[in-house]
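# Chains, contacts and geometry: an overview
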2 protein chains.
Amino acid sequence: MTSYPQSTVADVDAAVKAAHEAFQSFSSSGAQTRAALLRGLAQVLEDNRERLVLLADSETHLGPARLNGELDRTAFQLRGFATRVEQGAAFAFEDDPAVAGSPPVGHPHLVRVRIPVGPVAMFSASNFPFAFSVLGGDTASALAAGCSVIVKAHGGHQGLSHTVAGLARDVIATQGLPVGLLGLVDGPGSQIGVALVEHPLIQAAAFTGSVRGGLALESAARGRKQPIPFYGELGSVNPVVALPAALAVKGAELAQALAGSITMGTGQFCTSPGIVLVPAGESGDAFVAQLSEALRGAKTHEMLTPQMRKGFDQGCAQWAGEPKLKALLAEPAAADDVSPRPYLAQIDAQGFLSSHKLHEEVFGPAAIVVRVSGIEQVIDVLDAVGGSLTVTVWGADAPTDDNVSLVRAASRIAGRVLFAGFPTGVAVTAGQHHGGPFPASTVPFTTSVGYAALDRFLRPVALQDAPQWLLDRKGVPA
Amino acid sequence: MTSYPQSTVADVDAAVKAAHEAFQSFSSSGAQTRAALLRGLAQVLEDNRERLVLLADSETHLGPARLNGELDRTAFQLRGFATRVEQGAAFAFEDDPAVAGSPPVGHPHLVRVRIPVGPVAMFSASNFPFAFSVLGGDTASALAAGCSVIVKAHGGHQGLSHTVAGLARDVIATQGLPVGLLGLVDGPGSQIGVALVEHPLIQAAAFTGSVRGGLALESAARGRKQPIPFYGELGSVNPVVALPAALAVKGAELAQALAGSITMGTGQFCTSPGIVLVPAGESGDAFVAQLSEALRGAKTHEMLTPQMRKGFDQGCAQWAGEPKLKALLAEPAAADDVSPRPYLAQIDAQGFLSSHKLHEEVFGPAAIVVRVSGIEQVIDVLDAVGGSLTVTVWGADAPTDDNVSLVRAASRIAGRVLFAGFPTGVAVTAGQHHGGPFPASTVPFTTSVGYAALDRFLRPVALQDAPQWLLDRKGVPA
């Protein structure tokens, strides 16, 4: 097994200083420079596809089909940000001409611009070795905004992290940009990650991962002399609400496909459905039976790391300890099989509401069916779950009072509400919002997927009575 | 002296529950309803101008001229938000049509809407009894966004807080809206303020005040099971940079007017200039002499509260304890005069940089002149000051390398950079940004003045494959 150099705190300092130096010029770069860089980074991923996918698969067990798709998505995302930057997304400003007269009616000339915040810290995520890692959405959006980036490698795919960072730095150098623009550090999050976030020159941090790890980093970000924004995506149970209207039309089809969503990538997605709300009664019973059956036959693969597997087994065991919960599918994995088996259990709404431990995410292919009677119970269950990246509602096709109440409840706790399909698979597009009330996001007003992600790295500044030379430069003193 | 009922924690709970109930209908109200409410609130302030100003003056000593102006501004602000709401500011959404094909190119139909966050907590500020209090900018922007509001009264103007809240509730009732839409609680911030922020139904909080008070409330906001955004504007020293080019043209005029800005409202503005960077040498000497002289003759009035006066005296004394600092103006107030005298002292850049206690705000009519040689020293002083609401730069009329570097440094630490005039007086307009790196703001991406303030109370939600009935309602399930 290859071993990779571990960063010291001095290495972190050197990388951040290089990123700070690179920021001095890159922060005032034009759209063309940034777009060319983002496209060059997309291209280098594609040019090295075969060896990158091979390396990623050896480290993550996610399989070549998924990893090729993820590489496609990552390149698409980099190019998408390039296009957005060319369209002016990072340079938009509000020009508010002077109004003559005394206040409050009269006011001076104000131009509100947005400036890149500075060097930013990014954390590779275990479960997306391409799309949420070295050249993932956080890095792409930060570069689009004009920031330099330091990425902390993930222990689950160190080789890939170092290799991609090396390729990226070659692209940066070839384009005549300072290589400090993209730094990589590697080591335990509790030391190297914290040192990175605490570095006084770092101006924001973005993270996708566990609640525990995220809260530790957020605490470091907030404990600084000058606190900085910490954009953390920490956990989500992603309730799916199957209304009778949907079950009547295509219950069997939905059950089959839902099993696929629960077990996709062995359930290691932040948007993996963890709670399924199903009406009490016969059509609900049939749906649950179909879901169990489909899950029984579902394929899984080895989890990303042994710690995650341990966490999954412990989480299921903790759920199973709830006396009112009835197991539907709880086969132990065969002794010679490294893949966990899907877990499914059932409880009624009252039982669910009264057991806090059932409201917490178990990362992996596990879900709880909650049997509900009436819309009030559905809403109570959603409110008990609290912040979530997504809520999926099937069968709200008519504007009934119940459906109106349900959509309101879903919007109240989630960053994305789906009316068809499955929460896994997050489109990289302008209308996307990947966030939601805590713990889904530590800053629910922002998104980590889609083009609005660059807003996280641009801070507004109002220029009052700015001289013409500065206005000619659109308020950016290049 | 009238005494006002102090709220208990049970009162807080009742007020928040009423606000939550009111939110259920108001959150889906249309532009017309919100605009009519905001205009009605503006009108009731104007209709009761005489007695409100009298009451405010008796409690704050700010004087009728200033208080009438502040009431004008508050009414203007309420009407301004009404207009913005009619223009659709709170209802804008991004419609992102489906694209056929497989991901990453293909994607479902996504509509990103913004929903009001819920009942929000506001804190009356000592120094703006109208504009940052019961019907101030925080309340106006929250109502415009569709949120209900609970305001905590300020001990420095309890009578005004209760009277304005009563008038506002009459307007709300007259318009057929639920009176829970605007609640008032009153009591110590450390108990009643914290209880308000910790209430599970409260979804955001906005505050203008001291660093200590703000950090305590922020800690409560973040320590909740579900943390909420805390928009705090906590402190700012507002450096003013007088470049040689400006002193050469109109040094005397600027000195005179700067003295007015430092002593306006007895220095009790968050944008009051606290540090003046003046070039070493003769023209700088002349400017400093003129500034001292103008300050010596400036009028002040009694401070808002005895605690603030104590803080001012202690702050000046602490500054004066710095051996390298040379007092320019440090007259004690006459024994029979309740008004503090302006304080001015001078130090060179090296001395300033090495003394941390000089970097902290003293709230009141006090400023430090820092004598600087060359642009590097100017930038070092700005960086040492750190986050500030404003930086004012006089004389950066030409795009020299020095001026470019200076504007970059100013933008790096401030939310507003002025190139003429004075930081006191914050226009309520679309291009305004009243925020800045900590401690100026706890969320520097947001503004508490100007129409962008309503963005603080609208959280994005992406609706995926939403049914037509919901799209017909623009994604808001009214």
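Everything quoted here is computed from the prediction, not taken from an experiment.

## Considerations on the overall build of chain A
- Scanning chain A for helices and strands turns up 15 helices and 15 strands.
- Over its C-alpha trace chain A gives a radius of gyration of 24 Å, about what one expects of a compact globule, namely 23 Å for 478 residues.
- Expressed as lengths along the three principal axes of its C-alpha atoms, the size of chain A is roughly 75 × 65 × 40 Å.
- Within the span of chain A, comprising 478 residues, buried residues form 61% of the whole.
- Restricting to contacts in chain A with at least 6 residues of sequence separation, those with at least 24 account for 76%.
- As displayed, chain A offers around 17,000 Å² of accessible surface, 55% of which is attributable to carbon and sulfur atoms.
- Taking the average place of the 34 positive charges on the side chains of chain A and the average place of its 42 negative ones, the gap between the two points comes to 4 Å.

## Focus on the pattern of salt bridges
- Using the criterion set out here, one finds 30 salt bridges over all chains in the structure.
- Between Glu46 of chain A and Arg79 of chain A there is a salt bridge; the shortest N-O distance is 2.9 Å. With Glu46 of chain A in helix H2 (residues 31–47) and Arg79 of chain A in helix H4 (residues 64–86), the pair connects residues that are 33 residues apart, well separated along the chain.
- Residue class for Glu46 of chain A comes out partly exposed when judged on its relative accessible area of 28%.
- Salt-bridge contacts for Arg412 of chain B lead to Asp383 of chain B; the nearest nitrogen and oxygen are separated by 2.9 Å. Of the two residues, Arg412 of chain B sits in helix H14 (residues 401–413) while Asp383 of chain B sits in helix H13 (residues 375–385), which places them 29 residues apart along the sequence.
- Its relative accessible area of 37% is what places Asp383 of chain B among the partly exposed residues.

## Focus: the environment of Phe26 of chain A
All names here are of chain A.
- Its location among the elements puts Phe26 in helix H1 (residues 9–26).
- In sequence terms Phe26 and Ser148 are 122 residues apart; their C-alpha atoms lie 7.5 Å from each other.
- Not counting residues up to four positions away in its chain, the partners in contact with Phe26 are Thr33, Arg34, Leu37, Leu143, Gly146, Cys147, Leu177 and Leu181.

## Observations concerning the sheet that holds strand S15 (residues 458–464) of chain A
- Strand order across the open sheet formed by ten strands is S1(A)-S2(A)-S15(A)-S14(B)-S13(B)-S8(B)-S9(B)-S12(B)-S11(B)-S10(B), with mixed pairing between neighbours. Of all strands in the sheet, those with a lone pairing partner are strand S1 (94–96) of chain A together with strand S10 (326–329) of chain B, marking the two edges. Neighbour-to-neighbour, the strand axes of this sheet turn through a mean angle of 25 degrees, independent of strand direction.
- Strands strand S11 (343–348) and strand S12 (366–372) of chain B of the sheet are contacted by helix H11 (residues 306–320) of chain B, whose axis makes an angle of about 25 degrees with S12 of chain B.

## Describing the domain arrangement of chain A
Residues and elements named next belong to chain A.
- According to the domain assignment, chain A contains domain 1 (9–234 + 441–472) and domain 2 (239–418).
- One C-alpha centre belongs to domain 1, the other to domain 2; they are set 33 Å apart.
- The partner domain 2 presents twelve residues to the eleven residues of domain 1 that form the contact.
- Overall, the association of domain 1 and domain 2 removes approximately 940 Å² of surface from exposure, summing both partners, and the carbon and sulfur fraction of that is 63%.

## Quick word on the sheet that holds strand S6 (residues 204–208) of chain B
All names here are of chain B.
- Taken in spatial order, the five strands of this open sheet run S5-S4-S3-S6-S7, and their pairing is parallel. Only two strands of the sheet have a single partner each, and these edge strands are strand S5 (182–185) and strand S7 (230–233). Along the sheet, successive strands turn relative to each other by an average axial angle of 15 degrees, direction set aside.
- Here four bridges tie S6 to S7, and the two strands are oriented parallel to one another. Within S7, the residue paired with Ala206 across the bridge is Tyr231.
- Each of strand S3 (120–123), S6 and S7 is contacted by helix H8 (residues 211–223), which is oriented at about 175 degrees to S7, the strand it contacts most.

## Points about the packing of aromatic side chains
All names here are of chain A.
- Scanning all chains against the criterion turns up 17 aromatic pairs over all chains.
- Measuring from ring centre to ring centre gives 5.5 Å for Phe128 and Phe269, while their planes differ by 55 degrees; the resulting arrangement is tilted. Taken as a pair, Phe128 in the loop between strand S3 (120–123) and helix H5 (137–145) and Phe269 in the loop between helix H9 (244–263) and strand S9 (275–279) lie far apart in primary sequence, 141 residues in all. Of the two residues, Phe128 and Phe269, neither departs from the other in class, the shared state being buried.
- A connected cluster of aromatic rings, assembled from ring pairs, spans Phe123, Phe207 and Phe230.
- Sitting over the ring of Phe128, Arg66 keeps its end group 4.9 Å from the ring centre.

## Considering the relation of the copies chain A and chain B
- Superposing chain A onto chain B takes a rotation of 180 degrees combined with a translation of 0.0 Å along the rotation axis, leaving an RMSD of 0.0 Å. In short, the pair behaves as if placed about a two-fold rotation axis.

## Topic: the environment of Asp465 of chain A
- With respect to the secondary-structure elements, Asp465 of chain A resides in the loop between S15 and helix H15 (468–472).
- In sequence terms Asp465 of chain A and Ala145 of chain A are 320 residues apart; their C-alpha atoms lie 25 Å from each other.
- Leaving out residues up to four positions away in the same chain, Asp465 of chain A has contacts with Pro108 and His109 of chain A together with Phe419 and Ala420 of chain B.

## Describing the side chain of Gln158 of chain B
All names here are of chain B.
- For Gln158, the position within the fold is in helix H6 (residues 158–174).
- For Gln158, a relative accessible area of 17% puts it in the buried group.
- Engagement of the side chain of Gln158 in a polar contact is seen with the side chain of Asp186, the distance being 2.7 Å.
- In this view, Gln158 contacts Tyr4, Gln6, Glu59 and Asp186; residues no more than four positions away in its chain are not counted.

## Focus: the pairing of S15 of chain A
- Of all seven residues making up S15 of chain A, seven are buried, and the element is well covered by its neighbours.
- Both faces of S15 of chain A are covered, namely the face carrying Leu458, Pro460, Ala462 and Gln464 of chain A and the face carrying Arg459, Val461 and Leu463 of chain A.
- With seven bridges connecting them, strand S2 (residues 110–116) of chain A and S15 of chain A associate as antiparallel partners. For Pro116 of chain A, the partnering residue across the bridge sits in S15 of chain A and is Leu458 of chain A.
- Sheet topology places S15 of chain A next to strand S14 (residues 414–418) of chain B; three bridges connect them, and they run parallel. Bridge pairing in S14 of chain B places Ala462 of chain A opposite Arg416 of chain B.

## So, the interface of chain A and chain B
- The partner chain B presents 73 residues to the 73 residues of chain A that form the contact.
- Carbon and sulfur atoms make up 60% of the area that chain A and chain B hide from each other, which totals about 5,700 Å².
- Where chain A meets chain B, there are two salt bridges.
- The tally of links from chain A across to chain B stands at 39 residue pairs in polar contact (both at pLDDT 80 or more).
- In terms of residue class, the side of chain A that touches chain B is built from 41 nonpolar, 15 polar and 17 charged.

## A closer look at H11 of chain B
- For H11 of chain B, built from 15 residues, the straight-helix expectation of 21 Å at 1.5 Å per residue is met to within 8% by its first-to-last C-alpha distance of 21 Å.
- Of the surrounding secondary structure, the elements contacted by the buried residues of H11 of chain B are S11 and S12 of chain B.

## Side note on a negative patch on the surface
All names here are of chain A.
- Together, Glu376, Asp380, Asp401 and Asp402 make up a negatively charged patch on the protein surface.
- Secondary structure elements with two or more residues in the negative patch: helix H13 (375–385) and helix H14 (401–413).
- Position of Asp402 relative to the elements: it lies in helix H14.

## As for the pairing of strand S9 (residues 275–279) of chain B
All names here are of chain B.
- By the criterion of burial, S9 is predominantly enclosed, with five of the five residues buried.
- Going residue by residue along S9, you find Ile275, Leu277 and Pro279 tucked away on one face and Val276 and Val278 tucked away on the opposite face as well.
- Handedness of the crossover is the feature at issue here: the chain leaves strand S8 (residues 239–242), passes through helix H9 (residues 244–263), returns alongside S9, and the resulting connection is right-handed.
- Examined bridge by bridge, S9 and S12 share five bridges and lie parallel to one another. Directly across from Val276, in S12, lies its bridge partner Val369.

## Here we look at unusual backbone geometry
- The omega angle of the peptide bond from Pro103 of chain A to Pro104 of chain A is 5 degrees, so this bond is cis rather than trans.
- By secondary structure assignment, the location of Pro104 of chain A is in the loop between S1 and S2.
- The omega torsion across Phe438 of chain B and Pro439 of chain B is 5 degrees, close enough to zero to call that bond cis.
- The topology assignment puts Pro439 of chain B in the loop between S14 and strand S15 (458–464).
- Residue Thr266 of chain A is not a glycine yet carries a positive backbone phi of 55 degrees.
- Checked against the element boundaries, Thr266 of chain A lands in the loop between H9 and S9.
- With a relative accessible area of 0%, Thr266 of chain A lands in the buried category.
- You will see that His61 of chain B, though not glycine, has its phi angle at about 65 degrees, which is positive.
- Among the secondary structure elements, His61 of chain B is positioned in the loop between helix H3 (49–60) and helix H4 (64–86).
- What makes His61 of chain B partly exposed here is its relative accessible area of 26%.

So, how was this worked out
Residues numbered from 1 in each chain as written. Chains lettered and ligands numbered in written order. Predicted model: local features only at pLDDT ≥ 70, side-chain atom pairs only at ≥ 80, totals over all residues. Heavy atoms only, no water. Helix = DSSP H or I, 4+ residues; strand = E, 2+ residues; numbered from the N terminus. Rg over C-alpha atoms; globule rule 2.2 N^0.38 Å. Buried < 20%, exposed > 50% of the residue type's maximum accessible area, 1.4 Å probe, protein only. Contact = heavy atoms within 4.5 Å. Areas by Shrake-Rupley, 256 points an atom, 1.4 Å probe, with all protein chains shown as cover. Lys, Arg positive; Asp, Glu negative; His and termini not counted. Charge placed at Lys NZ, Arg CZ, Asp CG, Glu CD. Salt bridge = Lys/Arg side-chain N within 4 Å of Asp/Glu carboxyl O. Pairing = 2+ DSSP bridges. Axes fitted to C-alpha atoms, helices over the stretch in contact; angles between N-to-C directions. Domains from an automatic or database assignment. Buried area = accessible area lost by both parts, 1.4 Å probe. Phe/Tyr/Trp six-rings, centres within 6.5 Å; stacked < 30°, edge-to-face > 60°. Lys NZ or Arg CZ within 6 Å of the ring centre and 35° of its normal. Least-squares fit on C-alpha atoms with pLDDT ≥ 70 in both. Polar contact = N/O pair within 3.5 Å; in protein donor to acceptor, adjacent residues only side chain to side chain. Nonpolar A, V, L, I, M, F, W, Y, C, P; charged D, E, K, R; others polar. Expected span 1.5 Å × (residues − 1). Patch = residues over 30% accessible without salt bridge, like charges linked within 9 Å, V, L, I, M, F, W, Y side chains within 5 Å. Right-handed = clockwise from strand over helix to strand, strands pointing away.

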